[in-house]
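Breakdown of the fold
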Amino acid sequence: MIDERSATAAPVTGLRERKKRRTRNALLRAALPLFLSQGYERTTVDEITDAVNVSQRTFFRYFANKEEVVFALQELVESRFVAELHARPAAEGPFEALRGAALAAWDSVELTLSEVVPVDLYMRSYRLIESTPALLAVHLRRSTELEERISRLIGAREGLDVDADPRPRVAVAAFCGVMRVTGRLWGQGEDTSVESIRRLTVTYLDRIGPALTSSWRGSA
């Protein structure tokens, strides 16, 4: 016999979760344009909640502070990168896997963010982080934490103990260093498209090997 309470619980729970997700996404869609138009530090929580017609209490139910709003999209993209890295073929070397995961994450970024915000809003918020000292400091701290997570993932792929063998951390440090450089250079340019940062990423990642192992004299 079907328990009627069990039969109705799942749809109600699903509806509640969808409503919560819609509210959270609405706060993101309201906050990011305000940050971009008038500055992160000058934008107040009240302005964000007024734009969505919800209370401050509702805002803090989803985000501890404005900082979490800015980095919510970063977390989505980073999670996609980590998922792509997990999915890379076991036969690939560490750096090949990192490169493939990064490009796959950029190729799917629009799909990753489609339910939340338009991809161009994410790209502009990425630039906001690079140009706002308070956010850049947080970004660097978060990058260090992500770098350690990736190092341990690469170590597990290769069957290595990262605390005993430095190679995973060395490889990931080089990779993440390049990603930070490309992000900064892209943020200083005029082209804000996904395609432009992907091209820049490919160019710099492909130069790591020659830059570290070859003589630079007489080469372009």
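Residues numbered from 1 in each chain as written. Predicted model: local features only at pLDDT ≥ 70, side-chain atom pairs only at ≥ 80, totals over all residues. Heavy atoms only, no water.

In terms of helices and strands, the chain carries 11 helices and zero strands. Listed N to C, the secondary structure of the chain is α-α-α-α-α-α-α-α-α-α-α in terms of helices and strands. Taking the principal axes of the C-alpha coordinates as reference, the chain spans close to 70 × 55 × 30 Å. For the chain, the residues scored as buried account for 40% of the 220 residues in total. Counting only contacts in the chain whose residues sit at least 6 apart along the sequence, the fraction spanning at least 24 positions is 64%. Accessible surface, the chain as shown: approximately 12,700 Å² in total, 54% of it carbon and sulfur. (Helix = DSSP H or I, 4+ residues; strand = E, 2+ residues; numbered from the N terminus. Buried < 20%, exposed > 50% of the residue type's maximum accessible area, 1.4 Å probe, protein only. Contact = heavy atoms within 4.5 Å. Areas by Shrake-Rupley, 256 points an atom, 1.4 Å probe, with all protein chains shown as cover.)

The next subject is unusual backbone geometry. Excluding glycine, most residues fall at negative phi; most peptide bonds, likewise, are trans. With a phi angle near 65°, Asn53 is a residue other than glycine that sits in the positive phi range. Take Asn53: it is sitting in the loop between α2 (45–52) and α3 (56–62).

Another aspect to go through is the pattern of salt bridges. Going through the model one piece at a time under the given rule, you end up with 17 salt bridges. Glu17 is the salt-bridge partner of Lys20, the closest N and O atoms lying 3.7 Å from each other. Here Lys20 and its partner Glu17 are both found in helix α1 (residues 4–38), three residues apart, which amounts to about one turn of the helix. Glu148 is the partner of Arg169 in a salt bridge, and the nearest nitrogen-oxygen pair spans 2.8 Å. Pair noted here: Arg169 is in helix α9 (residues 167–188) and Glu148 is in helix α8 (residues 133–158), with a separation of 21 residues, a long-range link. When its relative accessible area of 29% is taken as the criterion, Arg169 is described as partly exposed. When its relative accessible area of 27% is taken as the criterion, Glu148 is described as partly exposed. (Salt bridge = Lys/Arg side-chain N within 4 Å of Asp/Glu carboxyl O.)

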